[in-house]
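# Structure assessment
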Amino acid sequence: MYFTLWIIILCMLPAQLLATEKFWPLDLSTRYLTSNFMEYREGRFHAGLDLKTDSHTGIPVIAVESGWISRLKTTSNGYGKVLYLTTESGETYVYAHLERIADRFQPAIISARSKANSYTVSLRFARDRFPVKAGEILALSGQSGTNGPHLHFEIRNNSQHPMNPQLQGFTLNDNIAPLITSVTAIPTTAESTINGESWARSISGTSLNGDLGDLYISGGVAFTAKIIEKSDIKGHLLEPYRIEMKLDGKTVYLAENREFSFNDMPYMKLEWLNQPGKRERWLFKRSQNKLGGREGNFWSENIVPGEHLLELVTTDATGNSTVVNWTVHAGRSEVDETSKWKIDSVRVDLPNNLGQVSPFLTFNSKGQVARAPRDMLVFPDSLCDKYSPGLTLVGNPLLLVSADSKELKPQLVSTSWEYTEGAAVYRLNKNKWGFVSEPTVSSSGTTFFAAMPGKYALFTDNAAPKLDTDSTDIYIKPRLASTVKGITFPKWEEIIILVSDSESGIDLESIKVKLDGANLIVEPDMPRKRLLITIPDAASVGNHTLDVVVSDNSGNSTAKAWKIITNSLVEVD
C-alpha cells in the first residue's frame, strides 16, 4: 500500500523535480563567461557560452549528463578539437577548443587520421560505441582552433538548433544588470526631421537609466541602441538575453535569444546597424528577418501625431533589467536647443565629395536626397596603403561603401581587372591586406563576392611561407605524466615550429612533415601561427631528422629540416 502511494506521489511531482541535476561542464570553482549565446560575430551568431579557464589549458571537461559520444572532430580552425555528447532527451552538448581528448576515444582518432592521412577528421558514432556517464571526464580544455584558452560549450536540441545554455539549467551568479550606453534616432525619409533637422540624434553615457528627455519628430524614424551585458567582475562584454521596446505601454518589438537555426545565420545582418566606429542594435524587426524570438515590425516608421512614451527594457538571462524611457512629440518639427540628444551623423562619406549615405537615404553634394541603395556602392580607388613586399598589385583597388546591411548574401562585384595567373582578391583590414578569395574569370570579365564594405584589390603573391624555431637543433625530453584520470599525454614533449605567411595564407592541406623519413600527422595551430608536432612514443633516445614542407594558397613553398635530439631525463622543479 505504502509503495503504491509513493508511486502515485512521484507521478504527481513536476518533471523538473525528478530530473537529475546537471554537472557543470568544467571542473573549476569559478564560473565566468568571456562570451555568451547569440553574441555578435562578423557574419554569424555565437552559438553557445565561452567559459573562462583562468587563462590556462588542461582543465578537466565534464559530461554534464549521461549519454553517448555521437560525434568527434579535430580541425585546425573553427571548433578545433570538439566532442558531441548526445543524451536520451535528444539534446546534444558540444565541447570545443579542447587540448586533449580522453584516452578511450584516441584509437578512433588515430585510426581515422591514418586512413585520411590528415589531421582533420570528422567521425560519427552509434549510441553503443562510446557510452558516457554524467560526471565523467571527457577531455582537457584548451585553445585549439581559437585565440585563447577557454571552453566553448553549446546545447543543441534534436533539430540541432543551438539553445541558450543559461535557460537550460547552466546558470551563473549574476546580479549585474545590462548597460544601455547609447540610443540613436535616425530619419528614414527625405521629409523626416528630428528636433527640427534632418540629422540623426543620439544620447550616450556610461550607463543610461530612467528618463532620457524629449524628441520632436516629423515623419518616419528608426531607433538603435548600444546595449552591453556584464555577468561578473571580470567585465567581459556580452549580449543581453532580452530587448523590448514599448510604445505607450504596448510592446512593439521584442527580441529574445532562446535558440536559432544555423540556416538562419544570415539574418543576423539585419539585427545591427554596423558602421565604422558605430555598431548598435536595431530596435525594430525588419520584414526580411526570420529569426525566432523576434516579434514586431517597423513600428516607428509611422508614429501617429501626438505625445508618446517610448520605453526600452533590456534583461539578462538571470532576470536583471535596465529601463530607459523618452517622450516623442510626433508630427512636430521643432528645434530644441536644450535637448540632451546630440546630432549624430550616422552617415558614411562617399569618395570624391560625392555626398553621404545613411541607412535609409543618400545625400549628394548638391543637397539632394534619395533612397539609399540596397547594394553596396562600388567606386574606383587609389592605392595609398602599404602592403607586404611579397604582394604585387595587378588590379587597382575598389572601394565598396554601405551604411547598413540590407542584403543577406554576399554581393557580386564586377570589375575591369585584367586577370593574371595566380592573382587573388584581398581586402584592407586594420591597415593590412588580407586574402579573401580567388576571383571568377569569364569572357564577360573578372568578378568576386564581397560580404562587407571596404577596400578590395587584386594581388599576386610572390613570397613563400616562413618556417622557424628558436634554434637550429631542437632538444626535447619526456613529458610529465598527466594527473587526470583517463587522460594520458604522449611520451615526448611537443615540438613547436613557427609558420606564417603574410600574403595569401597557409594552405593547410600542403603541410608535410617527416621524422627520419616517416610521415607524421601534425596539428596546425594557425591562431598562433605554429605547427604542433608530436613524435611517436616509440622514438628512441638520440638524434633524429625532422623535415617540414609547407605552401601558401598561391602555391609558393618552403622546406626546412632540423635535427631533433631526444633526452631520456625528465627535469623536475
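This structure is a prediction, so every number in the text was calculated from the model and none was measured.

The next point concerns the sheet that holds strand β14 (residues 179-187). On the basis of which strands lie adjacent, the open sheet formed by 6 strands has the order β21-β22-β18-β14-β16-β26 and antiparallel pairing. Only two strands of the sheet have a single partner each, and these edge strands are β21 (272-275) and β26 (342-344). If you compare each strand with its neighbour and ignore which way they point, the axes differ by 35° on average. Judged from the 4 bridges that link them, β21 and strand β22 (residues 278-282) form a sheet pairing that is antiparallel. Within β22, the position partnered with W272 by the bridge is R281.

Topologically, K514 is positioned in strand β42 (residues 506-515). As for K514 and A561, which are separated by 47 residues in sequence, their C-alpha atoms are 9.4 Å apart.

Scanning all chains against the criterion turns up 24 salt bridges. Across the pair E88 and R127 runs a salt bridge whose closest N-O atoms are separated by 2.5 Å. Here E88 is found in the loop between β7 (81-86) and β8 (92-101), whereas its partner R127 is found in the loop between β9 (121-124) and β10 (131-132), with 39 residues between them in sequence. Here K455 ties to D385 by a salt bridge, and the two come within 2.7 Å at their closest N and O atoms. Here K455 is found in strand β38 (residues 454-461), whereas its partner D385 is found in the loop between β31 (377-380) and β32 (391-401), with 70 residues between them in sequence. Taking the relative accessible area as the measure of exposure, K455 reaches 11% and is therefore buried.

What follows covers the sheet that holds strand β45 (residues 530-533). If you trace the 4 strands from one edge of the open sheet to the other, you get β39-β41-β45-β44, paired in antiparallel fashion. Among the strands making up the open sheet, the edge pair consists of β39 (466-468) and β44 (523-525). Going across the sheet, the axis of each strand differs from the next one's by a mean of 25°, ignoring polarity.

It is worth spelling out the nonpolar core at this point. The biggest cluster of nonpolar side chains holds 40 residues, and the ones touching the most others in it are I69, L83 and Y95. Within the residue set of this core, elements represented by two or more residues are β4 (49-52), β6 (67-74), β7, β8, α3 (106-116), β9, β11 (137-141) and β12 (150-156). Among the elements that take part in this core, β8 stands out by supplying 4 residues, more than any other. If we ignore the near neighbours within four places in the chain, the residues touching L83 are I69, R71, L72, Y93, V94, Y95, L98, I101, F105, L138 and A139.

For K386, the position within the fold is in the loop between β31 and β32. Separated by 295 residues in the primary sequence, K386 and E91 have C-alpha atoms spaced 50 Å apart. Every residue in contact with K386, bar those within four places of it in the chain, is listed here: N431 and W433.

Turning to the environment of F223, a few remarks are in order. Relative to the helices and strands, F223 is located in strand β18 (residues 221-228). Here F223 is in contact with T184, A185, L215, R281, W282, L283, F284, W299, S300, L310, W326 and V328, once residues within four sequence places are set aside.

Mean pLDDT over the chain: 93, with 96% of residues reaching 70 or higher. Predicted confidence is poor over residues 1-19, with pLDDT under 50, and the contacts of this stretch with residues over four places away or in other chains come to 2 contacts.

Next up on the list: the side chain of H544. Structurally, H544 is set in strand β46 (residues 542-552). A polar contact is formed between the side chain of H544 and the side chain of D516, at a distance of 2.6 Å. Engagement of the side chain of H544 in a polar contact is seen with the backbone oxygen of S540, the distance being 2.7 Å.

The next subject is the packing of aromatic side chains. Following the criterion strictly, the structure yields 25 aromatic pairs and no others. A centroid spacing of 5.7 Å and a plane angle of 35° characterise the contact between F37 and F260, whose relative ring orientation is tilted. With F37 in the loop between β1 (33-35) and β2 (40-41) and F260 in the loop between β20 (250-256) and β21, this residue pair connects regions lying 223 residues apart in the sequence. Residues F37 and F260 agree in their burial class; the two are buried. Relative to F153, the ring of Y93 lies with its centre 5.9 Å away and its plane at 15°, an arrangement referred to as stacked. Of this pair, Y93 sits in strand β8 while F153 sits in strand β12, and the two are 60 residues apart along the sequence. Both residues of the pair, Y93 and F153, belong to the buried class. Aromatic ring contacts, followed pair by pair, group F37, Y40, F45, F260, F262 and W272 into a single cluster.

Moving on to the pairing of strand β17 (residues 210-218). Summarising the sheet, strand β15 (residues 193-194) and β17 pair through 2 bridges and their orientation is antiparallel. Paired with T193 across the two strands is S218, which belongs to β17. Relative to strand β25 (residues 321-330), β17 is paired through 6 bridges, and the arrangement is parallel. Across the sheet, L215 pairs through a bridge with V328, a residue of β25.

In this structure, strand β19 (residues 242-247) lies alongside β20, joined through 6 bridges in antiparallel fashion. Paired with E244 across the strands is L254, a residue of β20. Hairpin connection of β19 to β20: 2 residues between the antiparallel strands, including D248 at a positive phi of 55°. In terms of strand pairing, β19 meets strand β24 (residues 306-315) through 6 bridges, oriented antiparallel. The residue bridging L247 from the neighbouring strand is L310, located in β24.

Positive phi is not limited to glycine here, since N352 has a value of about 60°. Looking at the secondary structure, you find N352 in the loop between β27 (348-349) and β28 (355-357). One non-glycine residue, N431, lies in the positive phi region at around 65°. If you trace the backbone, N431 turns up in the loop between β34 (424-429) and β35 (432-437). Classification of N431 by relative accessible area gives exposed; the value is 69%.

Right, let's get into the side chain of R427. Examined against the element boundaries, R427 turns out to sit in strand β34. Here the side chain of R427 touches P453 through a polar contact of 2.5 Å, landing on its backbone oxygen. For R427, the residues in contact, after removing those within four places along its chain, are K432, W433, G434, V436, M452, P453, G454, K455 and Y456.

So, about α3. Within α3 the residues assigned to the buried category are Q106, A108, I109, A112 and R113. Taken around the axis of α3, the buried residues stretch over an arc of 160°, which confines them to a single face. What points out from α3, more than 90 degrees from its buried face, is the exposed set P107, I110, S114 and K115. Summarising the contacts, the buried residues of α3 are in contact with β6, β8 and β9.

How each quantity is defined
- Residues numbered from 1 in each chain as written.
- Predicted model: local features only at pLDDT ≥ 70, side-chain atom pairs only at ≥ 80, totals over all residues.
- Heavy atoms only, no water.
- Pairing = 2+ DSSP bridges.
- Helix = DSSP H or I, 4+ residues; strand = E, 2+ residues; numbered from the N terminus.
- Axes fitted to C-alpha atoms, helices over the stretch in contact; angles between N-to-C directions.
- Salt bridge = Lys/Arg side-chain N within 4 Å of Asp/Glu carboxyl O.
- Buried < 20%, exposed > 50% of the residue type's maximum accessible area, 1.4 Å probe, protein only.
- Core = buried A, V, L, I, M, F, W, Y, C linked by side-chain atoms within 4.5 Å.
- Contact = heavy atoms within 4.5 Å.
- pLDDT = per-residue confidence, 0-100.
- Polar contact = N/O pair within 3.5 Å; in protein donor to acceptor, adjacent residues only side chain to side chain.
- Phe/Tyr/Trp six-rings, centres within 6.5 Å; stacked < 30°, edge-to-face > 60°.
- Arc of directions from axis to C-beta.

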